[in-house]
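Spelled out, the chains give:
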Amino acid sequence: MNEPTPLVIANLKANKTLGEFTNWLEKVGTESANFTGTVVICPSFPFLAIASQKLAVGNWPLKLGAQDLSRFEQGAYTGEVAASQIASICQYVIIGHSERRQNFKEDDEVLFEKTTNAQKANLEIIYCVQSKKDEIPEGVKIVAYEPTFAIGTGNPDTPENVKIVARNIKKKKDITVLYGGSVASENVKSYLTKDEVDGILVGATNSLDPQKFVSILKSASF
Ligand code: PGA
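Counting of residues starts from 1 at the beginning of each chain's written sequence and follows it residue by residue. Totals for whole chains, interfaces and linings use all residues, but because this is a predicted model, local features are given only for residues with pLDDT of at least 70 and pairs of side-chain atoms are given and counted only at 80 or more. Values reported for side chains reflect all heavy atoms of the structure, with hydrogen atoms and water molecules removed beforehand.

**Student:** Would you mind showing me how to read unusual backbone geometry here?
**Tutor:** For residues that are not glycine, phi is negative in most cases, and the peptide bond is trans in most cases. The amide bond that connects Thr5 to the next residue, Pro6, takes the cis arrangement and shows omega of 0°. The numbering of helices and of strands both runs from the N terminus, where a helix is a DSSP run of H or I of at least 4 residues and a strand a run of E of at least 2. With respect to the element layout, Pro6 can be found in the segment before β1 (7-11). Here Asn59, not a glycine, exhibits a phi torsion of approximately 55°, which is positive. Within the secondary structure, Asn59 is located in the loop between α2 (48-58) and β3 (62-66).

Structure representation (structure tokens):
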């Protein structure tokens, strides 16, 4: 990855109305001006275009990502959003979040198809794995280790274990590794170690409140 680290992803999941989201974005945009890493905001699909316009006007140091994409390219797939459509608005996409794997039964076959589509569209993929056993598709450059027991529970994995998993992933490939699962301003520093854990993925627990998310950014500099 060529962007400065730490890389911090805000996954807002299926939360907020348009008005609530734009208020959130203005607060986070204004208060994140001094952050020296990279921040990627992942709102729901319908908010991506307005977010992209607001980022351009506000000149905030934020990037945009989608939370998912279709396994199909553009065509007769009602309700789907194709990689090339996402790439016309933003730079990043999350693939393989445990909520997609569990609630929508996405298996490796589907996730690998999504990865191929995202790669063809030149999207930067944030590929989520839940354990070191999960397969990582060829060419993926950013992996988020997110054990399910830690997501939304207030029970994060230990920094020691996260580092072991990160080293393991990096042994196989030159990859940017993130940790996700109950990351808060109080514990973020313990996960980030240069050349091992390069960033974090913050879900609904601490990203929905803009102040909580900004405090994570403030505590997250290397
Ligand atoms: P959490 O979620 O930060 O709310 O634990 C992480 C995630 O779902 O990616």
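Having seen it, we continue.
**Student:** What is the right way to read the site of the ligand from this model?
**Tutor:** Of all residues adjacent to the ligand, which total 13 residues, the nearest are Lys13, Glu146, Gly152, Ser182 and Thr205. The separation between an oxygen atom of the ligand and a polar main-chain atom of Ser182 is 2.7 Å. Think of a polar contact as two N or O atoms within 3.5 Å of one another; within protein, one of them needs to be a possible hydrogen donor and the other a possible acceptor, and neighboring residues in sequence only count if both atoms come from side chains. One nitrogen or oxygen atom from the main chain of Gly203 is found 2.8 Å from an oxygen atom belonging to the ligand. Protein coverage of the free-state accessible area of the ligand, which is 280 Å², stands at 99%. Only protein atoms enter the calculation, which uses a 1 Å grid: trapped sets of points that fit a 1.4 Å probe without letting it out are cavities, open sets showing protein on both sides within 12 Å along at least five of seven lines are pockets, and any residue with an atom within 4 Å of a point is a lining residue. Those molecules having more than half of their atoms within 2 Å of a cavity or pocket grid point set are described as sitting in that cavity or pocket. A molecule is said to occupy a pocket when more than half its atoms come within 2 Å of that pocket's grid points, and by this definition the ligand occupies the largest cavity. For the shell around the ligand, the secondary-structure elements that each account for two or more residues are β8 (199-202) and α8 (204-207). Residues of the shell around the ligand, tallied by class, amount to five nonpolar, six polar and two charged. The nearness test applies per residue and asks whether one of its heavy atoms lies within 4 Å of the molecule or strand. Each accessible area value is a Shrake-Rupley result obtained with a 1.4 Å probe; residue values ignore everything except the protein chains displayed when judging cover. Amino acids outside the nonpolar list (Ala, Val, Leu, Ile, Met, Phe, Trp, Tyr, Cys, Pro) and the charged list (Asp, Glu, Lys, Arg) are all regarded as polar, and Gly is one of them.

**Student:** It is not clear to me how empty space enclosed by the protein should be interpreted in this structure. Could you clarify?
**Tutor:** Empty space among the atoms becomes apparent when a probe as large as a water molecule is rolled across them. Grid points are joined across faces, edges and corners, and a volume is the space filled by probe spheres set on the points. Across all of its chains, the model carries two cavities of 30 Å³ or more by this definition. Put simply, the largest cavity is a space of about 90 Å³. Forming the boundary of the largest cavity are 16 residues, of which Gly181, Ser182, Leu201, Val202 and Gly203 lie nearest the centre. Looking at the lining of the largest cavity, the elements that each hand over two or more residues are β8 and α8. Among the residues forming the lining of the largest cavity, the class breakdown is five nonpolar, nine polar and two charged. Along the walls of the second largest cavity sit Val129, Ser131, Lys132, Asp134, Ile136, Asn168, Ile169 and Lys172, which together make up its complete lining. Broken down by element, the residue count for the lining of the second largest cavity peaks at three residues, all from helix α6 (residues 159-172).

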